[in-house]
Amino acid sequence: MEHPLIELSGLGHRYGNVVALDNLDVNVPPGSIGLVGANGAGKSTLIRILLGILRPTTGTVRVLGHDIPRELIEMRARVGYMAEGSTLPLDQTAADFMVYAAELAGIPTKAAKQRASDVLTLVGLHEERFRALGDFSTGMKQRAMLAQAIVHDPDLVFLDEPTAGLDPEGRDEMLHLITRLGTFGIHVLVSSHVLSDIERTCDWVVMLDGGKLLRNGPIDRIVSSNTLELEVLGDSQAVAQALRSRGAEVETQPTSLLVTSPADTDTDVLIRDALADTHTGMRRLTAKQTSLEDLFLESGDA
Ligand code: ADP
């Protein structure tokens with residue numbers, strides 16, 4: 001794809017006096033994108049603006065290179081949407097509903113039937129296609145919603161809290177499906193307040209907090225840190241002191257030291273130098289992964 005997936009410039013939105021989005025400048029590359037933030041952070045507002053359902057108060061928006069709202073129709077043809085908590089026509093069979101959704105997207109009847117069958121297979125509902133949607137479990141309903149969102153073979157699909165209300169098994173199935181969408185050439189923007197879902201499915205994260213941009217970047221860069229956990233054979237306090245004198249931040253744990261080097265310094269090298277200084281051996285050295293949860297807690301403290 002030659003364009004960024006999404007480009008926001010000076011994007012802001014207010015509902016009366018409530019600032020829902022505050023001056024966002026964000027470029028997002030193709031891939032699977034996690035939009036994370038606590039309830040009220042502005043995720044749904046942003047998705048509705050990206051879909052052209054809601055006009056922003058300020059700023060400009062491009063989706064798949066299309067200016068919104070100027071090229072809304074072109075964008076809509078290439079985008080799918082699974083709204084949070086949306087409802088299905090419970091008296092229809094999955095097959096009928098999917099054919100209807102495909103025809104609504106402009107696909108001729110014969111091709112619509114084929115496409116309906118393909119997407120129901122993709123989400124694991126082929127066997128159940130002649131059952132009424134009202135008889136489906138919550139997880140099956142969510143998968144039918146996902147099938148509906150991709151029935152017209154979009155380039156990008158927006159999934160707003162797709163795991164809401166699912167039990168652990170339903171959640172696993174949904175997350176697995178989301179990761180598979182990429183293999184069909186469908187880019188994904190998935191919003192969630194459950195950070196571990198995003199860590200499992202996305203390669204890029206946009207974090208919102210109170211309408212402001214908290215982070216925007218590749219997930220491995222955002223969740224990895226230059227903190228290492230060191231267990232020494234000997235006097236850990238002496239090692240801690242040597243590390244600090246070399247500029248590291250050291251947090252003393254009951255059986256280990258958490259060592260963070262200054263930016264552009266290799267923590268590993270710094271530790272080896274400090275061990276050599278103090279003639280101390282090393283029992284173990286492991287990378288300390290920061291989770292998205294940790295990042296949220298950090299920003300909350302700030
Ligand atoms: P999220 O999807 O992250 O939970 P929302 O985009 O729904 O966040 O909401 C962002 C902020 O805007 C919240 O403070 C919310 O109360 C407010 N808000 C959302 N929709 C409306 C609305 N229609 N009218 C007034 N305020 C709204």
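Residues numbered from 1 in each chain as written. Predicted model: local features only at pLDDT ≥ 70, side-chain atom pairs only at ≥ 80, totals over all residues. Heavy atoms only, no water.

**Let's talk about the domain arrangement of the protein**
Using the following cut-off: Delimitation of the domains relies on an automatic or database domain assignment. As used here, buried area is the combined drop in accessible area, with a 1.4 Å probe, of two parts when they are placed together. In what follows, salt bridge is the name for a side-chain nitrogen of Lys or Arg lying within 4 Å of a carboxyl oxygen of Asp or Glu. For this analysis, a polar contact is any N or O atom pair within 3.5 Å, provided that within protein one partner can donate a hydrogen and the other can accept it, and provided that sequence-adjacent residues contribute only side-chain to side-chain pairs. Here a strand is any run of E in DSSP of at least two residues, a helix any run of H or I of at least four, and the numbering for each starts at the N terminus.
Here the protein is described as being made up of domain 1 (6-222) and domain 2 (225-301). Inter-centroid distance (C-alpha atoms) of domain 1 to domain 2 is 40 Å. Between domain 1 and domain 2 lies a buried interface of about 840 Å² when both sides are counted; carbon and sulfur atoms form 72% of it. In terms of surface lost to domain 2, no three residues of domain 1 exceed Leu195, Glu199 and Met207, which account for 48% of the buried area on that side. Where domain 1 meets domain 2, there are zero salt bridges. Here domain 1 and domain 2 share zero residue pairs in polar contact (both at pLDDT 80 or more) between them. Put simply, the parts of the chain that give the side of domain 1 that touches domain 2 at least two residues each are helix 7 (195-201), strand 9 (204-209), strand 10 (212-218) and helix 8 (219-223). Per element, the largest residue contribution to the side of domain 1 that touches domain 2 is four residues, and it comes from helix 7.

**Regarding the nonpolar core**
Where we set the bar: Residues belong to one nonpolar core when they are buried, are Ala, Val, Leu, Ile, Met, Phe, Trp, Tyr or Cys, and are joined through side-chain atoms within 4.5 Å. Buried residues are those whose accessible area, probed at 1.4 Å on protein chains only, stays under 20% of the maximum for their type, while exposed residues exceed 50% and partly exposed ones sit between those limits. Only heavy atoms matter for contacts: two residues are in contact if any of them lie within 4.5 Å across the pair.
Core analysis: the biggest nonpolar cluster contains 48 residues, and Met98, Leu146, Val157, Leu159, Leu181 and Leu292 have the highest contact counts within it. Look past the residues within four positions of leucine 159 in its chain and what remains in contact with it is Met82, Leu146, Ile178, Leu181, Val188, Leu189, Val190 and Ser191. In terms of nonpolar packing, the next biggest core, distinct from the first, is built from 30 residues, Leu8, Val28, Ile33 and Leu54 among them.

**Side note on the sheet that holds strand 11 (residues 227-233)**
Just so we agree on the cut-off: Only strands that DSSP links by at least two bridges are regarded as paired with each other. Here an angle of 0 to 180 degrees is reported between the N-to-C directions of two axes, which are lines fitted to C-alpha atoms, with helices fitted over the stretch in contact.
Here four strands make up an open sheet; going across it, the order is 12-13-11-14 and the pairing antiparallel. Two strands lie at the open edges of the sheet, namely strand 12 (249-252) and strand 14 (281-287), each paired on one side alone. Strand-to-strand twist of the sheet, defined as the mean angle between neighbouring strand axes without regard to direction, takes the value 25°. Note that strand 12 and strand 13 (residues 257-260) share four bridges and pair antiparallel. Along strand 13, the bridge assignment pairs glutamate 249 with threonine 260.

**Some details on the site of the ligand**
Applicable threshold: When we say a residue is near a molecule or strand, we mean one of its heavy atoms is within 4 Å of it. Per-residue and other accessible areas follow the Shrake-Rupley method at a 1.4 Å probe size, with only the shown protein chains counted as cover for residues. Under the convention adopted here, Pro, Cys and the residues Ala, Val, Leu, Ile, Met, Phe, Trp and Tyr are nonpolar, Asp, Glu, Lys and Arg are charged, and Gly plus all remaining residues are polar.
Every residue close to the ligand is listed here: Tyr15, Val18, Ala20, Ala38, Asn39, Gly40, Ala41, Gly42, Lys43, Ser44 and Thr45. Between the ligand and the protein, one listed contact pairs an oxygen atom with a backbone N or O atom of alanine 41 at 3.1 Å. At 3.0 Å, a backbone N or O of glycine 42 approaches an oxygen atom of the ligand. Out of a free accessible area of 570 Å², the ligand has 60% covered by protein chains. Broken down by secondary-structure element, the contributors of at least two residues to the shell around the ligand are strand 2 (18-28) and helix 1 (43-50). Residue contributions to the shell around the ligand peak at three residues, all from helix 1. Here the residues of the shell around the ligand are counted per class, giving five nonpolar, five polar and one charged.

**Some points on the pairing of strand 2**
Sheet topology places strand 1 (residues 6-15) next to strand 2; seven bridges connect them, and they run antiparallel. Its bridge partner being in strand 2, isoleucine 6 is matched across the sheet by valine 28.

**Re the packing of helix 5 (residues 138-149) against helix 6 (residues 168-181)**
Where we set the bar: Working definition: roughly parallel below 35 degrees, roughly antiparallel above 145 degrees, roughly perpendicular at 65 to 115 degrees, and oblique for all remaining angles. Crossing handedness follows the turn of the near helix against the far one: under a right angle anticlockwise gives a left-handed crossing, and clockwise gives a right-handed one.
Look at helix 5 against helix 6: their axes get within 10 Å of each other, and the N-to-C directions meet at 15°. In terms of axis orientation, helix 5 runs roughly parallel to helix 6. In terms of crossing hand, the pair formed by helix 5 and helix 6 is right-handed. Along the contact surface, helix 5 presents Gln142, Arg143 and Leu146, while helix 6 presents Glu173, Met174, Leu177 and Leu181. In terms of residue class, the contact of helix 5 with helix 6 is built from four nonpolar, one polar and two charged.

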